[in-house]
Each structure stands twice: as structure tokens, then as C-alpha cells.
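# Structure assessment
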Amino acid sequence: MSSWVKFRFSHLRRWREYAEKIAKATADLEPDSEVYVIGGVAEDRITVLSDIDILILIKRKLNNKERKALREEILLRAMDAYELPFDAPVEIHIEDEEGAKRFFELSKKVIKIL
């Protein structure tokens, strides 16, 4: 197994730790939010090309620009305050209740964090 593959899997094995760091950062910025792990990690379908899909359900509507800014704020907060590695393979999806329904309907399994 190549060193890159080992390195990648070492990150993916830490999915819960990384999701908790994202959840803490999210709670700092959006206290009424909910954080879930979805996708392949939640469904135990991890491959070397996987990422850690994190769904953040917020209680207010955001436009695309606000959503992008909040995603960046959460990642920076998670790195600065909670030591999320800068190269953690996380993909953050920020949705309001209506948008989150689609993710819940498509997901075979979701894991609520914190």
C-alpha cells in the first residue's frame, strides 16, 4: 500500500473526531444548529477516495454567498480553536430544514454528532 493511501486512510479513520471538531466550531457560530455525518462514512462504505460528508442543519435561510462564508468560518474555527488538521478530508454541506430533508431522504444512514 502506498504511503499516500496509508495517510489518507489514517485521516478517514478519525472521521468521528473530525466531525466533533466541526460540530463544536459550528455550535460556536450557529448555536441552534445540528450536525450529522452522512454519505459513505456513515454507511460504512469508505474508500481511499472518500471524504467525510458533514451536513450542518441551520435554522435560518442563507443565500449561496452567506453559505460559502459560513462554511469557511466553520472550517477556520475548527482548525484554529479545535485543531482540525488543515488537510482533513471533510466536505461540509450547510442546509436549512427544507434543504436538509433532501439529504435525509437520500441517505441510508445518518449519524448525529453532539
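Structure first, text after, so check above.
The sections below set out a description of the structure shown in this document. Since the structure is predicted, the reported quantities are computational estimates derived from the model, not experimental observations.

Right, let's talk about the overall build of the chain for a bit. Within the chain, the regular secondary structure consists of five helices and four strands. On C-alpha atoms alone, the chain measures out to a radius of gyration of 14 Å, which is about the 13 Å that the 2.2 N^0.38 rule sets for 114 residues. Projecting the C-alpha coordinates of the chain onto the three principal axes gives extents of approximately 45 × 35 × 25 Å. Here the chain holds 114 residues, and 46% of them are scored as buried. Expressed as a percentage of contacts within the chain between residues at least 6 apart in sequence, the contacts between residues at least 24 apart total 75%. If you sum the accessible surface of the chain, you get close to 6900 Å²; carbon and sulfur atoms cover 50% of it. With 21 positive and 22 negative side-chain charges, the chain shows a separation of 3 Å between the mean positions of the two kinds.

Within helix H1 (residues 3–12), the full set of buried residues consists of Val5, Arg8, His11 and Leu12. Within H1, the buried residues cover an arc of 125 degrees as seen down the axis, which keeps them to one side. Opposite the buried face of H1, at more than 90 degrees from it, the exposed residues are Ser3 and Lys6. Check the buried side of H1 and you find it contacts helix H2 (15–29) and strand S2 (52–57).

Conventions we followed
- Residues numbered from 1 in each chain as written.
- Predicted model: local features only at pLDDT ≥ 70, side-chain atom pairs only at ≥ 80, totals over all residues.
- Heavy atoms only, no water.
- Helix = DSSP H or I, 4+ residues; strand = E, 2+ residues; numbered from the N terminus.
- Rg over C-alpha atoms; globule rule 2.2 N^0.38 Å.
- Buried < 20%, exposed > 50% of the residue type's maximum accessible area, 1.4 Å probe, protein only.
- Contact = heavy atoms within 4.5 Å.
- Areas by Shrake-Rupley, 256 points an atom, 1.4 Å probe, with all protein chains shown as cover.
- Lys, Arg positive; Asp, Glu negative; His and termini not counted.
- Charge placed at Lys NZ, Arg CZ, Asp CG, Glu CD.
- Arc of directions from axis to C-beta.

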